Amino acid sequence: QVQLVESGGGSVQPGGSLRLSCAASRSIDRIYDMGWYRQAPGKQRELVASITNGGYTNYADSVKGRFTISRDNAKNTVYLQMNSLKPEDSAKYYCNADLTPLDATPGSYWGQGTQVTVSS
């Protein structure tokens, strides 16, 4: 089973920064789109940012200019640099990747989520 392992969440004051990382745990033949989603209590999961394997990016309006998504294809890793964090950014952040593993079913895979809390 392919696992996407996230790290980098935590608690920070408003205006602070965090960097999330997500790496695939097994050998991957190919990764297509990768992205970060978030879900706050009582709300639906929403797309934060995505990046294609060619490097094209897309952002939710609420994070444009503050968050940056990037990827390292050699490491099968996607990052989310979050600056100027606001309390409304508090949520559990999930990594997602469309990929073809070497020995598992191709499809869309999710990480276990990492909590981000922005509070003074």
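Structural notes, computed from the coordinates. (Residues numbered from 1 in each chain as written. Predicted model: local features only at pLDDT ≥ 70, side-chain atom pairs only at ≥ 80, totals over all residues. Heavy atoms only, no water.)

### Here's the deal with the state of the cysteines
Enumeration according to the criterion identifies one disulfide in this entry. The residue that forms a disulfide with Cys22 is Cys95, at a sulfur-sulfur distance of 2.1 Å. Residues Cys22 and Cys95 are joined by a disulfide whose S-S torsion is about -80 degrees; by sign, that bridge is left-handed. Of the two residues, Cys22 is situated in strand 3 (residues 18–24) and Cys95 in strand 9 (residues 91–101); the sequence distance between them amounts to 73 residues. The buried category is assigned to Cys22, whose relative accessible area is 1%. By relative accessible area, which is 0% here, Cys95 ends up buried. (Disulfide = S-S within 2.5 Å. Helix = DSSP H or I, 4+ residues; strand = E, 2+ residues; numbered from the N terminus. Buried < 20%, exposed > 50% of the residue type's maximum accessible area, 1.4 Å probe, protein only.)

### Things to note about the packing of aromatic side chains
Summed over the entire model, instances satisfying the criterion amount to one aromatic pair. Above the face of the Tyr94 ring, Arg45 is positioned so that its terminal group lies 3.8 Å from the ring centre. Over the aromatic face of Trp110 sits the side chain of Arg45, whose NZ or CZ is 4.7 Å from the ring centroid. (Phe/Tyr/Trp six-rings, centres within 6.5 Å; stacked < 30°, edge-to-face > 60°. Lys NZ or Arg CZ within 6 Å of the ring centre and 35° of its normal.)

### Here we look at the pattern of salt bridges
For the structure on display, the rule yields four salt bridges. Arg38 is paired through a salt bridge with Asp89; the nearest N and O atoms lie 3.0 Å apart. Here the residue Arg38 occupies a position in strand 4 (residues 28–39), and Asp89 occupies one in the loop between strand 8 (77–82) and strand 9, the gap between them amounting to 51 residues. With relative accessibility at 1%, the residue Asp89 sits in the buried group. Several salt bridges converge on common partners, so that one network encompasses Arg38, Glu46, Arg66 and Asp89. (Salt bridge = Lys/Arg side-chain N within 4 Å of Asp/Glu carboxyl O.)

Limitation: the analysis is restricted to geometry and does not speak to function.
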